[in-house]
Amino acid sequence: MSASICDQVRAAALDPGTVSADWARRPEIAAHLRCCPSCQDWLDAFAAGERVWEAVLAAAFTERVVARTSGLAAVLGELPSLAEMDPGPGFTERVLLATSMKPAPQGWRARVADAWLALVRRPRFAWEAAYVATVCLVLVFGNPVGAIEWSAVNIGTVARERLAPPVQEFRADLESWRARLSAASAPPPSTSAARQVAAASPAVRIWEAALDWLRLTSSSVIDAIARAWDALAAWLGGPEGEPAPRSTEPPAGPARSHQ
Amino acid sequence: MDATDLTPLVERCRAGDAAAWEVFVRQLQGRLFALAYSYAGDREDARDLAQEIFVRLYEARHQWPTGDEFLPWLFRVARNRSVDYLRRRSVRRPAATADETEMAELPDPGPGAEARAIESDRRSLLHAALRGLSAISREIVVLRDVHGLPVQQVASILGVPLGTVKSRASRARVELAERVMALSRGRSEA
């Protein structure tokens, strides 16, 4: 028998369409199987494999059905038994000890203090703080070593440029406040006004006295601020009319050549 | 456990009664330890976790809700602590391997030891099957079927929609039953 007929027989056995058509009883197939022991053995093994596979599928199906019915009911019935477990000896004492040593925080200050202490007491806190500080330094100054020196030299220049206009405005405001206050406190009370104050109720007199005190105090405070601000402005502004140096670059190295 | 049973105890704990707190710990330690065990999967870790939960409860005792709101709140606190604990543990070291025989190793002298050993074995089987589920399915089964919380409370504790809890619960139960059967078949064959 040629190999091509054996192949055809086996292919027909593997084809699900022919298996159900009782193909093995067809005369030409039956004749081939009678005279070809190899195909007969192959067919027997194939049939045995099919039976095993069907049994496996049937068992899995049964298991799935059981799992969804009686097995599921059994498992669901057993699950509540897991709701309580014995934590073992000494657990209660451990919890009571841990909680008796932990009074409830009294307020936000205590909570912040606790959080800060917990942060600081972490073993790597020093490393983390150093790392964060280094990152900040690099982000702010770029090259920390050279740039710090440059910044120290030029910070006055930058501050002068940035702060000069607001200093002038604030100085002008202070002058106007001063003028207003002196105008308000300048006119002495007339005799009729003094008479009115004397005739007024004690509450009005207290109110007037408080206003006078407030005027005097604010005037002296504003004077103090103005003096301090003038000193700052004098320090920042330098001699009047002198333009501030414009260079904000890092200190130059050797002169650059165009070539 | 009913919320109404706990109400007087909760009130006394809120008022700072140390004796009431001790009673509270003794009454709830089994339940909270079981919940912690379902998350940690390891007895020692579960003890640590349950203790953390109790410490957290103690610190917040002045804010405990009362009445029917207490138990869901308690489970929410315990669940959040457990999730934090697992997150920390996953950073510290790989997740603990499931120790299926752990529950069967408890010393058990005295009469009825065989019956208790069988029960313990069955429990370890259930725990092993539970650990095979996905995290969300396991949480749903634990809260719904183990601790008996209503579906609405489970959804509220887990922060997922009600429909998700319902559909996941039915799928997770079937999956759990299949796992239990597979594990018991494997043990009987071994």
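This text follows the structure it describes.
Residues numbered from 1 in each chain as written. Chains lettered and ligands numbered in written order. Predicted model: local features only at pLDDT ≥ 70, side-chain atom pairs only at ≥ 80, totals over all residues.

1. A few points about the interface of chain A and chain B
With 29 residues of chain A at the contact, the number on the chain B side is 33 residues. Elements that contribute at least two residues to the side of chain A that touches chain B include exactly α4 (37-68), α5 (70-78) and α6 (91-100) of chain A. With 7 residues, the top contributor of residues to the side of chain A that touches chain B is α6(A). Looking at side-chain class alone, the side of chain A that touches chain B contains 16 nonpolar, 5 polar and 8 charged residues. (Contact = placed C-beta atoms within 7 Å. Helix = DSSP H or I, 4+ residues; strand = E, 2+ residues; numbered from the N terminus. Nonpolar A, V, L, I, M, F, W, Y, C, P; charged D, E, K, R; others polar.)

2. Looking at helix α7 (residues 108-120) of chain A
For an α-helix, the turn length of 3.6 residues means that residues three or four places apart are oriented alike. The end-to-end C-alpha distance of α7(A) is 18 Å, a good match for the 18 Å that 13 residues give at a rise of 1.5 Å each. Burial of α7(A) is sparse: only 0 of the 13 residues sit out of reach of the surface. (Expected span 1.5 Å × (residues − 1). Buried ≥ 20, exposed ≤ 12 C-beta atoms within 10 Å, placed from the backbone.)

3. Thoughts on the environment of Met181(B)
Structurally, the position occupied by Met181(B) is in helix α8 (residues 162-189). Taking C-alpha positions, Met181(B) is 9.5 Å from Leu125(B), a pair spaced 56 residues apart along the chain.

4. Considerations on the nonpolar core
Residues and elements named next belong to chain B. One finds Leu32, Ala36 and Leu176 to be the most contacted residues of the largest nonpolar core, which totals 50 residues. In terms of residue count, the dominant contributor to this core is helix α2 (residues 18-40) (12 residues). Looking at this core, you find at least three residues from each of domain 1 (1-95) and domain 2 (113-190). Not counting residues within four places of it along the chain, the set of residues in contact with alanine 36 comprises Ala46, Leu49, Ala50, Ile53 and Ser82. (Core = buried A, V, L, I, M, F, W, Y, C linked by C-beta atoms within 7 Å. Domains from an automatic or database assignment.)

5. Thoughts on helix α7 (residues 151-158) of chain B
Along α7(B), the residues classified as buried are Gln153(B), Val154(B), Ala155(B) and Ile157(B). Looking one or two residues past α7(B), Gly159(B) carries a phi angle of roughly 70°, positive in sign.

6. A few points about the packing of α2(B) against helix α3 (residues 43-59) of chain B
Residues and elements named next belong to chain B. Remark: α2 packs on α3, axes separated minimally by 8 Å, with the N-to-C direction vectors making an angle of 135°. Regarding the angle of α2 to α3, the classification is oblique. Seen along the crossing, α2 lies across α3 with a hand that is right-handed. Across the interface between the two elements, Trp21, Val25, Gln29, Leu32, Phe33, Ala36, Tyr37, Tyr39 and Ala40 from α2 touch Arg43, Asp45, Ala46, Leu49, Ala50, Ile53, Phe54 and Tyr58 from α3. Among the residues forming the contact of α2 with α3, the class breakdown is 14 nonpolar, 1 polar and 2 charged. (Axes fitted to C-alpha atoms, helices over the stretch in contact; angles between N-to-C directions. Parallel < 35°, antiparallel > 145°, perpendicular 65-115°, else oblique. Left-handed = near helix turned anticlockwise from the far one by under 90°.)

All we've got here are geometric facts, nothing functional implied.
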